[in-house]
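Geometric and topological summary
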Amino acid sequence: MNDDLDAAKIEAKRQEMERTLRRGLSKLDKILPRVLRQSGLERRLREHALFSLWPSVAGEVLAKRSRPLYVDLQSNIVITVSDSAVAQEITLARMQFLQKLAPLSRAAGVEIRGLRVDLKHYHHKDEPQPEEEHVTLPDPDEEELRTIQLGPEQALMLQQLTQDLTEQGKESDPRQEKINKRVLMTYELQLRLGIWRKSRGFPVCQACGFAVSRLHSREQLKVCFNCYVQSPEK
Ligand SMILES: [Zn+2]
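Residues numbered from 1 in each chain as written. Predicted model: local features only at pLDDT ≥ 70, side-chain atom pairs only at ≥ 80, totals over all residues. Heavy atoms only, no water.

A few words now on the overall build of the protein. Across its full length, the protein holds 11 helices and 5 strands. Buried residues in the protein amount to 41% of all 234 residues. For the protein, the proportion of contacts with a sequence separation of at least 24, taken over those separated by at least 6, is 66%. For the protein, the accessible area works out to roughly 14,600 Å², and carbon and sulfur atoms hold 54% of it. (Helix = DSSP H or I, 4+ residues; strand = E, 2+ residues; numbered from the N terminus. Buried < 20%, exposed > 50% of the residue type's maximum accessible area, 1.4 Å probe, protein only. Contact = heavy atoms within 4.5 Å. Areas by Shrake-Rupley, 256 points an atom, 1.4 Å probe, with all protein chains shown as cover.)

So this is what it looks like as structure tokens:
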């Protein structure tokens, strides 16, 4: 008799907990921005697609002496520069660059609210780090990338971005549509690059899953350079 009562109590408690959990989850789902629901890899690839369009924002000349590194926690795009003259030039043109970035970042689904420059990491690529896992193969050109077949995972990620863009498309103008297409194409190239790199034995970042030529140690993890500079040192 008592056992039955206890069992009923336990069952009632369980159901209550389940309801609370469900309520919490659906609330979470509503408040979490889309960007947080994306997988780390999806997010990283979208950023890379956006970053590869940097020359169209900064112009070829400035783009040769600067490159986007990552998007920080305050949604600033962090641009690393070769020297202080370039830093000054980019800082002065900041508002103009942010305006040009806006339709691109909207298409990529990467929120950009500000821009800041970084003078520390521009030459990082050239620093020898023989103790860390790396490959020295150069990346393939666009033509070679186009011959690579997307796997189911990449096809899904491409479909997700296409879907995001279609949802936005309702209120967008023809110019935005052109930009969307361009971002989509760049994104697809990033997906193909990922496949190509993995098949060539490039090491994979333990934080975001992107295949890169070299990994860096950060808090017991081997991570890509973007993840490395993005996570604040403790
Ligand atoms: Zn990473």
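After presenting the structure, the write-up continues.
For the rest of this paragraph, the subject is helix α3 (residues 40-51). Along its 12 residues, α3 runs 16 Å from first to last C-alpha, staying within 8% of the 16 Å computed at 1.5 Å per residue. With 11 of 12 residues buried, α3 is to be regarded as a mostly interior element. Listing the buried residues of α3 in full gives Leu-41, Glu-42, Arg-43, Arg-44, Leu-45, Arg-46, Glu-47, His-48, Ala-49, Leu-50 and Phe-51. (Expected span 1.5 Å × (residues − 1).)

Let us now look at the coordination of the zinc ion. For the zinc ion, the full set of protein donor atoms is Cys-205 (SG), Cys-208 (SG), Cys-224 (SG) and Cys-227 (SG), at a range of 2.3 Å. For the zinc ion, the 4 donor atoms in the first shell make angles of 103 to 115 degrees at the metal, so the coordination geometry reads as tetrahedral. Ordering the donors of the zinc ion by residue number gives the pattern C-x2-C-x15-C-x2-C. Taken together, the positions of Cys-205 in the loop between α10 (174-199) and β4 (216-218) and Cys-224 in the loop between β5 (221-223) and α11 (225-230) put the pair 19 residues apart, joining distant regions of the chain. The exposure classification of Cys-205 matches that of Cys-224, with both residues buried. (Donors = N, O, S within 2.8 Å, 3.2 Å for Na, K, Ca; no water. Tetrahedral: all angles 85-135°; square planar, octahedral: opposite > 155°, others 65-115°.)

Before going further, it helps to spend a moment on the environment of Arg-46. Here Arg-46 shows up in helix α3. Given the relative accessible area of 1%, Arg-46 is considered buried. In the structure, Arg-46 is positioned 63 residues away from Gly-109 in sequence and 7.3 Å away in space, judged by C-alpha atoms.

According to the stated counting rule, one finds 3 aromatic pairs in the structure shown. Each ring, one from Trp-54 and one from Phe-97, has its centre 5.6 Å from the other, and the planes form 80 degrees; the classification is edge-to-face. Within this pair, whereas Trp-54 is found in helix α4 (residues 54-58), its partner Phe-97 is found in helix α7 (residues 94-108), the two being separated by 43 residues in sequence. The buried category is assigned to Phe-97, whose relative accessible area is 4%. Between the aromatic rings of Phe-225 and Tyr-228, the centroid separation amounts to 6.4 Å while the plane-to-plane angle is 20 degrees, which identifies the pairing as stacked. With a gap of 3 residues between them, Phe-225 and Tyr-228 both fall in helix α11, about one helical turn apart. For Tyr-228, a relative accessible area of 23% gives the class partly exposed. Cation over ring: Arg-46 sits above Tyr-187, and NZ or CZ is 5.9 Å from the ring centre. Taking the ring centre of Tyr-122 as reference, the NZ or CZ of Arg-67 above it sits at 5.1 Å. (Phe/Tyr/Trp six-rings, centres within 6.5 Å; stacked < 30°, edge-to-face > 60°. Lys NZ or Arg CZ within 6 Å of the ring centre and 35° of its normal.)

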